[in-house]
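The lines below spell out each chain.
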Amino acid sequence: MSIRHGLLALLERGPRYGSQLRTEFESRTGSTWPLNVGQVYTTLNRLERDGMVAQDGEDEAGHALYSITDSGRDELRNWFEKPVDRTSPARDELAIKLAMAVGAPGVDIRAVIQSQRHHTVRAMQDYTRLKAQALAALENGPSRERDDVAWLLVLEQLIFQTEAEARWLDHCEARLIRLSSTAGENRPAPTATAAPAAPAAPAATAATAETAETAVRAAGPPPQR
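Please read all numbers here as calculations on a predicted model, not as lab measurements.

The rules we used
Per chain, the residues get numbers from 1 upward, laid out in the order the sequence is written. Note on the predicted model: pLDDT of at least 70 is required for a residue's local features to be given, and 80 or more for side-chain atom pairs to be given and counted; whole-chain, interface and lining totals, by contrast, use all residues. Just so you know, side-chain values use all the structure's heavy atoms and leave hydrogens and water out. Only DSSP runs of H or I reaching four residues or more are called helices, and only runs of E reaching two or more are called strands; each is numbered from the N terminus. Only protein chains enter the accessibility calculation, which uses a 1.4 Å probe; a residue is then buried when its area is under 20% of its type maximum, exposed when over 50%, and partly exposed in between. Pairs of residues are marked as contacts when any of their non-hydrogen atoms sit within 4.5 Å. Only the protein chains shown count as cover for residues, with accessible areas throughout obtained via the Shrake-Rupley method and a probe of 1.4 Å. Polar contacts, as used here, are pairs of N or O atoms within 3.5 Å; protein pairs need one atom able to donate a hydrogen and one able to accept it. Residues neighboring in sequence count only if both atoms are side-chain atoms. To get an axis, a line is fitted to the C-alpha atoms, and for a helix only the part in contact is used. The angle between two axes follows their N-to-C directions and goes from 0 to 180 degrees. Here the word oblique covers every angle except those under 35 degrees (roughly parallel), over 145 (roughly antiparallel) and from 65 to 115 (roughly perpendicular). Gly falls in the polar group here, along with every residue not listed as nonpolar (Ala, Val, Leu, Ile, Met, Phe, Trp, Tyr, Cys, Pro) or charged (Asp, Glu, Lys, Arg). Crossing handedness is read from the near helix: turned anticlockwise from the far helix by less than a right angle, it gives a left-handed crossing, and turned clockwise, a right-handed one.

Chemist: Before we go on, may I ask you to explain the overall build of the protein in this structure?
Modeler: Each helix and strand in the protein was counted, giving eight helices and two strands. Relative to its full complement of 225 residues, the protein shows a buried share of 24%. Taking the contacts inside the protein whose residues are at least 6 apart along the sequence as the reference set, 53% of them involve residues at least 24 apart. Just so you have it, the protein exposes about 16200 Å², and 55% of that area is on carbon and sulfur atoms.

Dropping the structure here:
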């Protein structure tokens, strides 16, 4: 839907043809989400079918031009006014990967987290460097071009997103450590098995018999009647 409305926003500035729309879309977003010409024309055909754009002749080079209609302007205005719906979040590959890694045989989930963290931190560093370049271009340029400002906003969104992802990965690792520790504490201790009673030693029995026999001899023979 963002491509659909993005093209409408660009067409509001005047008639455009497909390749021109693709170039302007990528320029506005810093090529973060590149488009191909086929994708642009497919979207334009659907917008034309829905009455939101209409073909508006050709330019000098023979490119078919498209213009936004009143219905398209109404759609675009509603898109700007309505908040982005977060009740049905888009699938996140990293969240799905970690969910599937839990309990998966042969998978070290902490190694998965650490590998992703390194990648996320590198991406955050790259975005921060690009942000510094974008700020320098805005400060040193003769005028603040709308595409440069738009690209800066996209970069800052990417930086915030990667920062949040890095914090979430730290949280996941800490959560797994706590759960592992709790599982160890709740595991029942092994029950001690009583050793079987040792049998009476034969030597002790023999010694007792010998003591009794010695006492009989010392007492002498029984008295005569």
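Chemist: Sorry, what's going on with the side chain of E24 here?
Modeler: Within the secondary structure, E24 is located in helix α2 (residues 18-29). For E24, a relative accessible area of 18% translates into the label buried. At 2.9 Å, the side chain of E24 and the side chain of R16 are in polar contact. Residue contacts for E24: discarding those within four places in its chain leaves L10, R13 and R16.

Chemist: What exactly am I supposed to notice about the packing of helix α1 (residues 2-11) against α2 here?
Modeler: Two quantities define a packed helix pair, namely the angle between the axes and the distance from one axis to the other. It is the contact of α1 with α2, at a shortest axis distance of 10 Å, that shows an interaxial angle of 105°. Judged by the angle between their axes, α1 and α2 are roughly perpendicular. Packed against α1, whose contacting residues are S2, I3, G6, L7, L10 and L11, the element α2 presents L21, E24, F25 and R28 at the interface. Grouping the constituent residues of the contact of α1 with α2 by class yields six nonpolar, two polar and two charged.

Chemist: Quick question: what am I supposed to make of the packing of α1 against helix α4 (residues 70-81) here?
Modeler: Their axes nearest at 10 Å, the elements α1 and α4 cross at an angle of 115°. Pair α1 / α4 crosses with left-handed handedness. Across from H5, G6, L8 and A9 in α1, the residues of α4 making contact are G72, E75, L76, W79 and F80. A breakdown of the residues in the contact of α1 with α4 according to their chemical character gives five nonpolar, three polar and one charged.

Chemist: Any chance you could explain unusual backbone geometry here in plain terms?
Modeler: With the exception of glycine, most residues fall at negative phi, and the peptide bonds are largely trans. Its identity as a non-glycine residue notwithstanding, S31 has a phi of 60°, on the positive side. Note on placement: S31 falls in the loop between α2 and α3 (37-49). With relative accessibility at 42%, the residue S31 sits in the partly exposed group.

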